[in-house]
Amino acid sequence: MAQHLYEKGIKVSVVNPLSVKRFIQMKLSKVKTDKRDAKAICEYAQANEVPLYTARNAVQAECLQLLSLQDLYMKQRTAVKNKIHGEKALGTPSKVVSRSLNRMLKQIEKELTQIETKLEFLIRETQKDQLENLTSIPRMGKKTAMLLIVLTDGFTSFENARQLCCYSGLTPTIRQSGTSVRGRSRISKVGNRKLRNLLFMCSFTACRTNKACRELYERIVEKGKSKKLALIAVCNKLLKQAFAIAKSGTYYQENYRSKLA
């Protein structure tokens, strides 16, 4: 929608819907209708400095569509796998049902393979060097690197690594008030869930094979902190390394220290 309006020469802004929701709640309105919501959104745009939408190029637009389709097929694959498991749990699964489900699963797997192949082809066509640089980071997988390139538009959408960490929902939220409220710090999770999950999977091996991540992990655990907290810190470290590599345009160097990281 935003892309279509932009191409028609109409100025448009895309903002986080949670920001608009909180703005509407702040007005303590007891009436919720389409007309009232439209008016509230208009008031939000007038009261806040909203950034103008910038167009995506054809490759980035197609990559985002492929990622969206990939998510759909992955959900369908999980549902089919659960159904197959459920049928087996019955003890005497129907042969017709079992064959149909397995055919469906094979077709979904085939579609996912084709999507990943096409996605990699598009990225290598435009960001081949950046992809190779990112995958030089120990335990930074190809899937994670490709997702980072697409979501950040080749790391041009963020000015610093902290913004990228916030986008991924890996930054902590602090809940404290006076002397009585001392809530546990948790990650915000207000960000891209798929990227966050991939990074978390990478963190398990990164804390063993990536020197900087291993040192960070061991330092946090030695302080008595939980291993999960240490793994989240490793996720942030991987993002900072990726940002530094992307901005410097060089391969990963174990003993390199960059201000960007």
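Note that the structure is predicted; figures quoted are calculated from it, not measured.

1. Focus: the overall build of the chain
- Across its full length, the chain holds 10 helices and 4 strands.
- Counted from the first residue to the last, the chain has its helices and strands arranged as α-α-α-α-α-α-α-β-β-β-β-α-α-α.
- With respect to the three principal axes, the spread of C-alpha positions in the chain is 60 × 50 × 50 Å.
- Burial analysis of the chain (261 residues in total) assigns 31% to the buried set.
- Summed over its atoms, the accessible surface of the chain is roughly 17,400 Å², and 53% of this surface lies on carbon and sulfur atoms.
- If you average the places of the 49 positive and of the 21 negative side-chain charges in the chain, the two averages end up 8 Å apart.

2. Points about the confidence of the model for the chain
- Model confidence for the chain is summarised by a mean pLDDT of 86, while 90% of its residues fall at 70 or above.
- No element of the chain has a lower mean pLDDT than strand 3 (residues 181-182), at 50, and none a higher one than helix 5 (residues 95-134), at 94.

3. Looking at the side chain of Glu120
- Summarising the element assignment, Glu120 is placed in helix 5.
- Among the residues examined, Glu120 registers a relative accessible area of 17% and is labelled buried.
- Those residues in contact with Glu120, other than ones at most four positions away along the chain, are Lys142 and Met146.

4. Some thoughts on the packing of aromatic side chains
- Enumeration according to the criterion identifies 5 aromatic pairs in this entry.
- Look at Phe155 and Phe243: their rings are 6.4 Å apart centre to centre, the planes differ by 65 degrees, and that puts the pair in the edge-to-face class. Here Phe155 is found in the loop between helix 6 (142-151) and helix 7 (161-167), whereas its partner Phe243 is found in helix 10 (residues 227-248), with 88 residues between them in sequence.
- You can call Phe155 buried: its relative accessible area is 1%.
- Phe243 gets classed as buried once you look at its relative accessible area, which sits at 2%.

5. A look at the side chain of Ser168
- Counting through the fold element by element, Ser168 comes out in the loop between helix 7 and strand 1 (172-173).
- Looking at Ser168, the relative accessible area reads 0%, which means it is buried.
- With residues up to four places along the chain from it excluded, the contact list for Ser168 reads Gly191, Asn192, Leu195, Arg196, Leu199 and Leu239.

6. Comments concerning the packing of helix 9 (residues 211-222) against helix 10
- Contact geometry of helix 9 with helix 10 gives a least axis separation of 9 Å together with a crossing angle of 150 degrees. Classified by the angle their axes make, helix 9 and helix 10 are roughly antiparallel. Every pair of crossing elements has a handedness; the one defined by helix 9 and helix 10 is right-handed. Where helix 9 approaches helix 10, its residues Ala212, Cys213, Leu216, Tyr217, Ile220 and Val221 are matched on the opposing element by Lys227, Ala230, Leu231, Ala233, Val234, Lys237, Leu238 and Gln241.
- Taken together, the residues of the contact of helix 9 with helix 10 sort by class into 11 nonpolar, 1 polar and 2 charged.

7. Brief notes about the pattern of salt bridges
- Considering all chains together, one arrives at 9 salt bridges under this definition.
- We note a salt bridge from Asp71 to Lys194, for which the minimum N-O separation is 3.1 Å. Of the two residues, Asp71 is situated in helix 4 (residues 58-89) and Lys194 in helix 8 (residues 193-209); the sequence distance between them amounts to 123 residues.
- The structure contains a network of salt bridges with shared partners spanning Glu120, Arg124, Glu132 and Lys142.

8. Focus: unusual backbone geometry
- The phi torsion at Asp153 lies on the positive side, around 55 degrees, for a residue other than glycine.
- Tracing the backbone through its elements, the reader meets Asp153 in the loop between helix 6 and helix 7.
- The class for Asp153 is partly exposed, based on a relative accessible area of 28%.

9. Things to note about the state of the cysteines
- In the structure shown here, the tally under the stated rule is 0 disulfides.
- The cysteine Cys166 is free of any disulfide, with Cys165 supplying the nearest cysteine sulfur at 7.0 Å.
- Sulfur of Cys202: no disulfide; nearest cysteine sulfur belongs to Cys235 and is 8.0 Å away.

What counts, and where the lines are drawn
- Residues numbered from 1 in each chain as written.
- Predicted model: local features only at pLDDT ≥ 70, side-chain atom pairs only at ≥ 80, totals over all residues.
- Heavy atoms only, no water.
- Helix = DSSP H or I, 4+ residues; strand = E, 2+ residues; numbered from the N terminus.
- Buried < 20%, exposed > 50% of the residue type's maximum accessible area, 1.4 Å probe, protein only.
- Areas by Shrake-Rupley, 256 points an atom, 1.4 Å probe, with all protein chains shown as cover.
- Lys, Arg positive; Asp, Glu negative; His and termini not counted.
- Charge placed at Lys NZ, Arg CZ, Asp CG, Glu CD.
- pLDDT = per-residue confidence, 0-100.
- Contact = heavy atoms within 4.5 Å.
- Phe/Tyr/Trp six-rings, centres within 6.5 Å; stacked < 30°, edge-to-face > 60°.
- Axes fitted to C-alpha atoms, helices over the stretch in contact; angles between N-to-C directions.
- Parallel < 35°, antiparallel > 145°, perpendicular 65-115°, else oblique.
- Left-handed = near helix turned anticlockwise from the far one by under 90°.
- Nonpolar A, V, L, I, M, F, W, Y, C, P; charged D, E, K, R; others polar.
- Salt bridge = Lys/Arg side-chain N within 4 Å of Asp/Glu carboxyl O.
- Disulfide = S-S within 2.5 Å.

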